[in-house]
Amino acid sequence: MDARGMSRRELLRTGSITLAGLAFLRFGPGAAAFAAQPGEEVVPWLDQPAEVPPPARDVIGTQLRWEELDSWITPTDRFFTVAHFKVPAIDAQAWRLRIGGLVNQPLSLSLDDLKARPRTEVTFTIECSGNNGLPFFTGGAGNASWGGTPLAPLLEEAGLMERGTEVVFFGTDTGELEVRQAKLPEPFARSMSLTDATSPDTLLCYEMNGAPLVASHGAPLRLIAPGWYGIANVKWLDRIEVLDTRYMGNFMARDYVTIRLEQQAGHTVRRETSVGRALLKSAPAKVARNDGAYRIVGAAWGAPIDAVEVRIDNGDWLPATIEQGAGDEFAWKFWTVDWSNPSRGEHTITSRAIDTAGNVQPAMDDPRIATKQTFWESNGQITRRILIA
Ligand SMILES: Nc1nc2c(c(=O)[nH]1)N[C@H]1C(S)=C(S)[C@@H](COP(=O)(O)O)O[C@H]1N2
Ligand SMILES: [Mo]
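Below is a summary of the structure that appears in this document. (Residues numbered from 1 in each chain as written. Chains lettered and ligands numbered in written order. Predicted model: local features only at pLDDT ≥ 70, side-chain atom pairs only at ≥ 80, totals over all residues. Heavy atoms only, no water.)

When helices and strands are tallied, the protein chain shows 7 helices and 21 strands. Its C-alpha atoms give the protein chain a radius of gyration of 23 Å, within 12% of the compact-globule value 21 Å for 389 residues. Taken over the C-alpha atoms alone, the protein chain extends approximately 70 × 55 × 40 Å along its principal axes. Taken across its 389 residues, the protein chain has 51% of its residues classed as buried. Long-range pairs, those at least 24 residues apart, make up 70% of the contacts in the protein chain between residues at least 6 apart in sequence. (Helix = DSSP H or I, 4+ residues; strand = E, 2+ residues; numbered from the N terminus. Rg over C-alpha atoms; globule rule 2.2 N^0.38 Å. Buried < 20%, exposed > 50% of the residue type's maximum accessible area, 1.4 Å probe, protein only. Contact = heavy atoms within 4.5 Å.)

It is worth spelling out the pairing of strand β12 (residues 257-264) at this point. The sheet contact formed by β12 and strand β13 (residues 267-274) spans 8 bridges and is antiparallel. In the strand pairing of β13, Gln-264 is matched with His-267. Connecting β12 to the next strand, β13, in antiparallel fashion are 2 residues, including Ala-265 with a positive phi near 45 degrees. (Pairing = 2+ DSSP bridges.)

This part covers the nonpolar core. Within the largest apolar cluster, 58 residues are counted, with the highest numbers of intra-cluster contacts made by Leu-97, Ile-99, Trp-146, Phe-169, Leu-204 and Ile-240. Setting aside its immediate chain neighbours within four residues, Ile-99 contacts Pro-106, Leu-107, Leu-109, Leu-154, Leu-155, Ala-158 and Ile-240. By size, the runner-up hydrophobic cluster in this structure holds 20 residues, among which are Tyr-294, Ile-296, Ala-300 and Ile-312. (Core = buried A, V, L, I, M, F, W, Y, C linked by side-chain atoms within 4.5 Å.)

Going through the model one piece at a time under the given rule, you end up with 21 salt bridges. Note that Arg-246 is salt-bridged to Glu-166, the shortest N-O span being 3.7 Å. One end of the pair, Arg-246, is in the loop between β11 (237-243) and α6 (250-254); the other, Glu-166, is in strand β6 (residues 166-179), with 80 residues separating them in the sequence. By relative accessible area, which is 56% here, Arg-246 ends up exposed. Glu-262 is the partner of Arg-271 in a salt bridge, and the nearest nitrogen-oxygen pair spans 2.8 Å. Since its relative accessible area comes to 38%, Arg-271 is described here as partly exposed. Linked by salt bridges that have partners in common, Arg-119, Glu-121 and Glu-207 make up one network. (Salt bridge = Lys/Arg side-chain N within 4 Å of Asp/Glu carboxyl O.)

The way to describe two aromatic rings as a pair is by their centre distance and the angle between their planes. Applying the stated criterion to the full structure yields 13 aromatic pairs. Geometry around Phe-170 places Arg-239 over its ring, the cationic atom sitting 3.9 Å from the centre. Above the ring of Trp-317, the side-chain terminus of Arg-352 is found at 4.1 Å from the ring centroid. (Phe/Tyr/Trp six-rings, centres within 6.5 Å; stacked < 30°, edge-to-face > 60°. Lys NZ or Arg CZ within 6 Å of the ring centre and 35° of its normal.)

Turning next to the site of ligand 1. Within the structure, ligand 1 sits among 18 residues, and Phe-80, Asp-173, His-217, Arg-222 and Lys-235 are positioned closest to it. Between ligand 1 and the protein, one listed contact pairs an oxygen atom with a backbone N or O atom of Phe-80 at 2.7 Å. Within the backbone of Val-82, a nitrogen or oxygen atom sits 3.1 Å from an oxygen atom of ligand 1. Protein chains shield 100% of the accessible area of ligand 1, which is 530 Å² for the free molecule. Looking at side-chain class alone, the shell around ligand 1 contains 10 nonpolar, 5 polar and 3 charged residues. (Near = heavy atom within 4 Å. Polar contact = N/O pair within 3.5 Å; in protein donor to acceptor, adjacent residues only side chain to side chain. Areas by Shrake-Rupley, 256 points an atom, 1.4 Å probe, with all protein chains shown as cover. Nonpolar A, V, L, I, M, F, W, Y, C, P; charged D, E, K, R; others polar.)

An order of β17-β16-β20-β21 is seen for the 4 strands of this open sheet, with the pairing classed as antiparallel. Of all the strands in the sheet, just β17 (317-319) and β21 (382-388) have a single pairing partner and so form its edges. Taking each pair of neighbouring strands and ignoring which way they run, the sheet shows an average axis angle of 30 degrees. Inspection of the sheet shows strand β16 (residues 305-312) paired to strand β20 (residues 345-355) by 7 bridges, in the antiparallel sense. In the sheet register, Arg-311 faces β20, and the bridge partner there is Thr-350. (Axes fitted to C-alpha atoms, helices over the stretch in contact; angles between N-to-C directions.)

Omega for the peptide link from Ala-219 to Pro-220 comes to 5 degrees, which places this bond in the cis form. Inspection of the secondary structure assignment puts Pro-220 in the loop between β9 (211-212) and β10 (222-224). Of note in the backbone geometry, Trp-236 takes a positive phi value of approximately 50 degrees without being a glycine. Residue position: Trp-236 is located in the loop between β10 and β11.

Structure follows, in structure tokens:
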């Protein structure tokens, strides 16, 4: 530690009691500390995401602006959007969900049929597995309440055949994809094991944040797979098919594949995995200043969160206070840290989440992140830069 770091920590120690008391008053007791308070000002990060370049611009639409984070539920019009092909035009009246493949009784269901079934709701933070993997993609996460009907009883009704092991979810959206010389239309599709697909958490969802699902988020019907990366949550559902083999479509086996080059006893071993379950992650969202008091606010998600810690510059890891979301299994937790007496000048702020099993969100130089050759599943610790004037 350098002398500056030491004196900064000294300041933290000596100043913490009075400043914590003041900060409490300034940010308001009981009020959600992450929400914008009267008189509060957000200090913008020095590092801002790059502009989305033309090819990716067709895929990535809205992104979350972290500095604007002021509600635990992300309003639908601020919720990030990803669409690999064009958003399909679907006539909800004529639309039917087909369930087929290795079932005894294939089904064809209208939206009203689905709405007439038992309704459940889950608050789930979706993150795109590409988030933070590219310099222009840092706002690919959001938290919404999702309403719909559980998938498992429907598959049961369709009469699953004994040999069915895999469930494929086909979207209505289709693109031209090339494998060697074959350039063919391929629908967006993802699969899950039958066990995962029939989890009681898996929903066929027609509502988002208490309103009918909108086109950009998958209307009339999308899959909601709490605990999984965005890619698994297939929008614009067209049909569901039960198979007895792995499904090897583009978004399972060619794209959304994480490649790592690992060292094993002097050999380089290549490991490829299909993006699946979400990973433990956190992000500093914003630094708010209120009458000279500073507060760092952030979010943590991707696994059951036990704690969040924050590091300012090269200082010690400081415990954050979990402010909201503690009881919600699949939703992000908002956390805050009071930043007492920051010195003028540039600082870095890093956060790390710790899950209930004791796993720590990996540092950027952790082999799990450093051996990664593709940008998916970038759950390494995020460092933001800020200037205190
Ligand atoms: N049919 C279909 N579903 C899809 C996609 C898509 O391109 N087509 N993109 C996926 C990806 S990569 C993500 S991150 C999420 C994004 O969901 P959102 O746009 O509602 O935030 O949708 C997933 N579902
Ligand atoms: Mo994604």
